[in-house]
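The lines below spell out each chain.
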Amino acid sequence: MTTNTAPGAGQPAKISVQEVTKTFALGRETFTALDRVSLDIADNEFVTVVGPSGCGKSTLMNVLAGLETPTEGRALVDGAPVSGPGPERGVIFQQYALFPWLTVRKNVEFGLKTARVPRAERRERAEHFIRMVGLEQFADALPKMLSGGMRQRCAIARAYAVNPSILLMDEPFGALDALTRVKLQEQLLDTWSKEQRTVMFITHDVDEAVFLANRVIVMAARPGRIYDVIDVDLPYPRSEEFRLSPQFAALRNRVWHSVYHQDGRTAPATSPAPSVTPA
Amino acid sequence: MTTNTAPGAGQPAKISVQEVTKTFALGRETFTALDRVSLDIADNEFVTVVGPSGCGKSTLMNVLAGLETPTEGRALVDGAPVSGPGPERGVIFQQYALFPWLTVRKNVEFGLKTARVPRAERRERAEHFIRMVGLEQFADALPKMLSGGMRQRCAIARAYAVNPSILLMDEPFGALDALTRVKLQEQLLDTWSKEQRTVMFITHDVDEAVFLANRVIVMAARPGRIYDVIDVDLPYPRSEEFRLSPQFAALRNRVWHSVYHQDGRTAPATSPAPSVTPA
Amino acid sequence: MAVVTDTAAPTDTGGRNGSPQSRRGRPRGLPLLLNAVSVLLGIAIWWILAASGLTIPSPVAVVQRAKDLLADGTLEQDILVSLGRVLAGFVLGTAVAIPVGFLMGWYGAVRSLVEPWVQFFRTIPPLAIIPLAIVLMGIDETPKIFVIFLAAFLSCVISTFQGVVNVDRTLINAARVLGTRDLGIFARVVVPASTPFILVGMRVGLGSSWATLVAAELIAAQQGLGYRMQNAQLYYDLPTIFVGLISIGILGLLMDRVLLLAERRLTRWQERR
Amino acid sequence: MAVVTDTAAPTDTGGRNGSPQSRRGRPRGLPLLLNAVSVLLGIAIWWILAASGLTIPSPVAVVQRAKDLLADGTLEQDILVSLGRVLAGFVLGTAVAIPVGFLMGWYGAVRSLVEPWVQFFRTIPPLAIIPLAIVLMGIDETPKIFVIFLAAFLSCVISTFQGVVNVDRTLINAARVLGTRDLGIFARVVVPASTPFILVGMRVGLGSSWATLVAAELIAAQQGLGYRMQNAQLYYDLPTIFVGLISIGILGLLMDRVLLLAERRLTRWQERR
Amino acid sequence: LLSACGKDDSSSSGGSGGGKTEDVKFGYIGDYNGTSLLAIADDQKLWAKHGLNATTRVFTNGPLQIQALGTGDLDFGYIGPGAMWLPASGQAKVVAINTLGNADRVIAQPGITSIEQLKGKSVAVPEGTSGDMILTLALKKAGLTKQDLKVVPMDASVIVSSFSSKKIDGAGFWYPAIATIKKQVPDLVELAKNDDFSSEVSFPTAFVAGNKVVAEQQSKTQKTIAVLRDAMQFRTENMDKSIELTAKMLKIPAEQVKADAANVKVLSVQELDTMTKDGTINKWLTGMGDYFVGAGKLKSQVDPSTYYTGDLFTAGAK
Ligand SMILES: Nc1ncnc2c1ncn2[C@@H]1O[C@H](COP(=O)(O)OP(=O)(O)OP(=O)(O)O)[C@@H](O)[C@H]1O
Ligand SMILES: Nc1ncnc2c1ncn2[C@@H]1O[C@H](COP(=O)(O)OP(=O)(O)OP(=O)(O)O)[C@@H](O)[C@H]1O
Ligand SMILES: [Mg+2]
Ligand SMILES: [Mg+2]
């Protein structure tokens, strides 16, 4: 299996997943959540991951976050093997994982407090991100008082606040309405293009995957593996018009096709082998 | 405020929400999650609800489910005021709410056991719905071993299994990939049209809302209220081609517009007053 | 999604199913009223038992004795002394139990080393500890407080440990990806998340502390409720024993209320019934 | 998302942060080894204390006495009798505590009625209950088992109650919308969801049961570990007292292990560290 | 252990033997004083001889037995001198005096040679026991009161550890516990012993019966007294055997019982009869009563004849 190299193949990869296999015990059997997955992500790249439910997207993210140890293979970040989580890799969990005993504000400030950011600055930064996700009215509410989408936005603000150089986002906009979603997509792209950020963004929305990405990784299930990699060689900033452009539609269809017609478990029509797609 | 009556206005409504207001204490202030919401849903109607995050969709559903008592107004089901939950109203929660100590199978069987369905039939019915949501390989797995989308599918199977005449679904397909989602949408429509069912389906996906609904209810936030009601007078069964039809596109745009341009807090262009939309 | 602090009027409870929902909406006085009813009922049963010829003193005799003991200042003095001992032992015990329970829950090695002894000492009656305590600590306040400390510690540590073990791993992961290290996770995630468990431990520990008081005051006490009761036992002075028991019961109850209040404040964030 | 039962090889633990993750991956023998080390250490300290002139018997003397007591069957007999009492009291206490705790957590009225008395009796030393128990129940097995029952019940009920109060409301709602009524919710949601709390209660209650044994066997016991210890106290026969203490400790430890095993089985579903 | 004595009888004379066999429930404490007579009665089959079927139950102290007498769970029991105020206050009847305790001492740490030197020192005492009594007497003799010392009330078990670890300067205490302390503090000083006060107070141990038993079950009472008298006779004649039997019944080493017995003054039946008749025993009990009144356990002096049924005891002499 060759590596799915990043576009700028010359420079060393920011994130490098090397032949990672992850199995879980499922009763008496073992279940292969990731099967020899290899993937390089370049610095400042924006990668989206799509794939059917249960194909190992979250597992892959957890390996990169340092929360799961691969059964085989290894993950490197900045050339060093991942041995645990770190604040340079911000994570937005699929299940939000807000601290239920803290208010929205305190949740957002959590990482800043760990980083010993002085009180006033902490407050200010938290305020900024709370406003960004539109929760200013609920800054002092506890998570149990928030709606599903509001919880998710709080989790987003919390991850953004520590200003990580790598963002690992697991369906971060999944619970949001179209309006909020578009707003947050634009903000994300904005920050990403202005500051040096590497983003891995899991989604099940093909439009979103194409709209945001430099590259779309399509995963397949049973065993979890990379099935296709689709480059989105289109310039940023991407506006609403971009969504309506024919290139967008074409790419969207290609990704859709790749996700949708995996059933036969053969490689996608346009690529020669299951998880090998030359960049 | 007039009532948003169901299409078949002659017959008595299956579900009737009458001037329901729900406020929460938020620190010292009170927060109005629902502001005099009125809505009738006819028997065998499929209603989808869209609206910005935090506009009170889940709260409205909880009122109908009998899990929240309205601060003012009342909710009727089959003409009788809702005084608590009942198995005739199946609920799929936004946060899944699986029993973590039960396997997928046992979760799905939970309601059947309450209904004293004999063991063999229970097993069989659970099996059927587990297969429907594609979890047959994970029937004996615990919720903690499931991916986000798999948990959601398990919750769906659990609600379907008790065969309720009313289905209250809170973003039930939110965590699913496109493929699974489309499959489940079709299954849902199929069951709904074959059996006598009334469905209230919350989603933030405008396409989904239009694709599934007899009527799309658009809600607005602060205070949570019904902003617009859009009839989808198109025949079932709705196929993939329907998604590509111009009527679909038109309705989709109209809903999108209604959700997207609420910002000014005025009524939608096509309707005279905030939450009054004659059917 | 649960809504706990809803402002729904307490009247619209609705049928049968309304009950669990409306608990919070119930007028505040009712539980207190029921408390009072319950206490009065208990006193009535006691009175009947006493009147029916059992060898227990009647409430009147006990109240009379309490008055006497209050009049000459004995009871106040005893209460003060015992309260001091219990508070000292309990506070120390809890303060040590929480970090130890955390270390046991967090580091497998600590757990393996400490657990056998915690379990062992939990099964040993405080009376049996006293000789050792005296040998090591003399006959002043130290061994008395130590015995109470031990009782509180042993009740609380097991609970804290369990609480730590039960903390949702997702939350720990969330803190870790925000850069938080072990110490921060302990203070900022594990402690708040296991507060319900720690509070169970504290409440049980509080009970044990009071229950151990009598044993503790076997050690050369000059005053205190436990001492007074032992002394009364020698003289078969049942009214005084009852005064002691009731004083201990009431003090324990009051301290428990304080803990409950603390709990309510500390776990308001919980989605619970 | 947490993954608890991962099959990752125990070797790839990784640096500092690996520790909490790899707990489950650790070879099974290590904790047992550490347990053993800990016990040996404890015995060593005891030996040193004994050798340094404290009034405690040396391990050798205690082992010798244990042998003697085993040889004539006394110890076996005592263990059997005491174990029977503790088991009866503990099982009864727990069996009553769980439904009572549930009722207290579920129905505010029950709580208001019962709680003052639970709190009150928790603070009362078992020694003080004995006279009443004798008056009401005579001097046979009943009062002995009752005293142990009370200890187990009071420890367990508070924990169960707390567990019930802490059950996630979302899960209760999920059961209710599936048509489940109160009784079903109790058995199928509240009990499993509060298992961790109930088990804390049972473990603490087990400790209390054993610790109360000595008090219980004050009531005209003819045999049993507690009786033997008291009898030995008359003669200041410290080795026998130690044999009793250690037997109680070991039995308590073993029963606790059984509970722990049960817990592991019952709470395998939990996402925890 | 348990009711070995009762068992063999119940099978032989449970009603088949024609003679009416009565059941008797007897409590005792597991030391030489409390156990020896029962061990003898058991061994010599004295219960059966007098048509009784006895169940014996061991207790750890006197007051519990008095309570059990009150509830009818026991017919007879055994108490030490410290609990004598309970029958005096009407809670039970003394049916027989057993022995005189001779084990109490006032002890002090090495270097202290007289009671006077205890002034201002911390002296432990198990309140309301014979240890308390001997200290009180010793102080009185030396012209001191408890106020002159720092008296620390302590449980007996606590005194052993406190004295051994030199946390206290003195104690009103007893053998065999003092023997345990001696192992740690071999040169401890004995400042006073029972014999010093034999003229004023004695420390009798006694068998007691429930008020109802004495009043309503005369034949049972008589038979029991007869058993006790026979056993006393045997004990006076076979001291060594009595120690052996006691050790067997209590399942403890004979040396321990022997050490225990060394501090007991065993009284023969004849002596008891004489002393009952000439009022010596009433004098002892009055002396005890004085002490209890002084200690606040009794409100006022009680005439011993109201609770010591000496006539019943001597009636057994036939
Ligand atoms: N602890 C576990 N035990 C057993 N199997 C597990 C465990 N955790 C995850 N898995 C399995 O690994 C597979 C991949 O899970 P993962 O969460 O990575 O999926 P995903 O791609 O994120 O899916 P989704 O889009 O539904 O969130 C799933 O089939 C899941 O059942
Ligand atoms: N317990 C509570 N206390 C205070 N406010 C609450 C509580 N529960 C809900 N709310 C508020 O009510 C409003 C509506 O919440 P609801 O969950 O109904 O929104 P929603 O439309 O479902 O949003 P989403 O699409 O994000 O799930 C939100 O603003 C929320 O903050
Ligand atoms: Mg996932
Ligand atoms: Mg919602």
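Residues numbered from 1 in each chain as written. Chains lettered and ligands numbered in written order. Predicted model: local features only at pLDDT ≥ 70, side-chain atom pairs only at ≥ 80, totals over all residues. Heavy atoms only, no water.

Draft legend 1. Representation of the state of the cysteines within the structure. Counted according to the given criterion, the structure contains 0 disulfides over all chains. Unpaired in terms of disulfides, C156(C) finds its nearest cysteine sulfur in C156(D), a separation of 17 Å. Taking the relative accessible area as the measure of exposure, C156(C) reaches 1% and is therefore buried. (Disulfide = S-S within 2.5 Å. Buried < 20%, exposed > 50% of the residue type's maximum accessible area, 1.4 Å probe, protein only.)

Draft legend 2. Representation of the site of ligand 1 in the model. Around ligand 1 there are 22 residues in total, and K57(A), S58(A), T59(A), S147(B) and G149(B) lie nearest to it. Nearby residues around ligand 1 are contributed by chains A, B and D. Within the backbone of G54(A), one N or O atom sits 2.7 Å away from an oxygen atom of ligand 1. Note that an oxygen atom of ligand 1 is positioned 2.6 Å from one of the side-chain N or O atoms of S58(A). For the shell around ligand 1, the secondary-structure elements that each account for two or more residues are β1 (15–26), β2 (29–41) and α1 (57–65) of chain A together with α4 (148–161) of chain B. Looking at the shell around ligand 1 residue by residue, the classes come out as 11 nonpolar, 9 polar and 2 charged. (Near = heavy atom within 4 Å. Polar contact = N/O pair within 3.5 Å; in protein donor to acceptor, adjacent residues only side chain to side chain. Helix = DSSP H or I, 4+ residues; strand = E, 2+ residues; numbered from the N terminus. Nonpolar A, V, L, I, M, F, W, Y, C, P; charged D, E, K, R; others polar.)

Draft legend 3. View of the sheet that holds strand β7 (residues 166–170) of chain B. Residue and element names in this part refer to chain B. Taken in spatial order, the 6 strands line up as β6-β7-β8-β3-β9-β10 in an open sheet, and their pairing is mixed. What marks the edges here is a single partner per strand, and that holds for β6 (89–92) and β10 (225–231). Each strand of the sheet is rotated relative to its neighbour by a mean of 15°, with strand direction disregarded. Judged from the 4 bridges that link them, strand β3 (residues 46–50) and strand β9 (residues 215–220) form a sheet pairing that is parallel. When the bridges of β9 are listed, V50 appears paired with V218. Its contacts with the sheet place helix α8 (residues 246–260) against β3, β9 and β10, and it is angled at close to 170° to β10. (Pairing = 2+ DSSP bridges. Axes fitted to C-alpha atoms, helices over the stretch in contact; angles between N-to-C directions. Contact = heavy atoms within 4.5 Å.)

Draft legend 4. Highlighting the pattern of salt bridges. Throughout the structure, instances matching the rule amount to 58 salt bridges over all chains. Across the pair D35(A) and R36(A) runs a salt bridge, and its minimum N-O distance is 3.5 Å. Note that R89(B) and E88(B) form a salt bridge whose closest N and O atoms lie 2.9 Å from each other. A relative accessible area of 32% places E88(B) in the partly exposed class. (Salt bridge = Lys/Arg side-chain N within 4 Å of Asp/Glu carboxyl O.)

Draft legend 5. The arrangement of the coordination of the magnesium ion (ligand 4) in detail. All names here are of chain B. Donor atoms from the polypeptide that coordinate the magnesium ion (ligand 4) comprise S58 (OG) and Q94 (OE1), at 1.9 to 2.1 Å from the metal. A residue pair is termed long-range when its members are at least 10 positions apart, and S58 in helix α1 (residues 57–65) and Q94 in the loop between β6 and α2 (104–114) qualify at 36 residues. Each member of the pair, S58 as well as Q94, carries the same accessibility label: buried. (Donors = N, O, S within 2.8 Å, 3.2 Å for Na, K, Ca; no water.)

Draft legend 6. Expanded view of the packing of helix α4 (residues 74–106) of chain D against helix α10 (residues 195–216) of chain D. Residue and element names in this part refer to chain D. Viewed as axis vectors pointing N to C, α4 and α10 meet at an angle of 145°, and their least axial separation amounts to 10 Å. Note on packing geometry: the crossing formed by α4 with α10 is right-handed. For the pair formed by α4 and α10, the contact residues are S82, L83, V86, F90, T94 and I98 on the first element and I198, M202, G205, L206, S209, W210 and L213 on the second. In the contact of α4 with α10, the residues fall into 9 nonpolar, 4 polar and no charged. (Left-handed = near helix turned anticlockwise from the far one by under 90°.)

Draft legend 7. Fine view of the domain arrangement of chain C. Residue and element names in this part refer to chain C. On domain assignment, one finds that chain C holds domain 1 (1–56) and domain 2 (58–266). Contact residues are listed per partner, giving 7 residues for domain 1 and 8 residues for domain 2. Counting every contact that joins domain 1 to domain 2 gives 0 salt bridges. Along the contact surface separating domain 1 from domain 2 lie 0 residue pairs in polar contact (both at pLDDT 80 or more). (Domains from an automatic or database assignment.)

Draft legend 8. Highlighting the interface of chain C and chain D. In this complex, chain C contributes 85 residues to the contact, which on the side of chain D involves 83 residues. Buried area between chain C and chain D, summed over both chains or domains, comes out near 7400 Å², and the portion from carbon and sulfur atoms is 59%. Counting the contacts that link chain C with chain D gives 6 salt bridges. Put simply, R203(D) and E115(C) hold a salt bridge, and the shortest N to O gap is 3.2 Å. Inspection of the region where chain C meets chain D yields 16 residue pairs in polar contact (both at pLDDT 80 or more). (Buried area = accessible area lost by both parts, 1.4 Å probe.)

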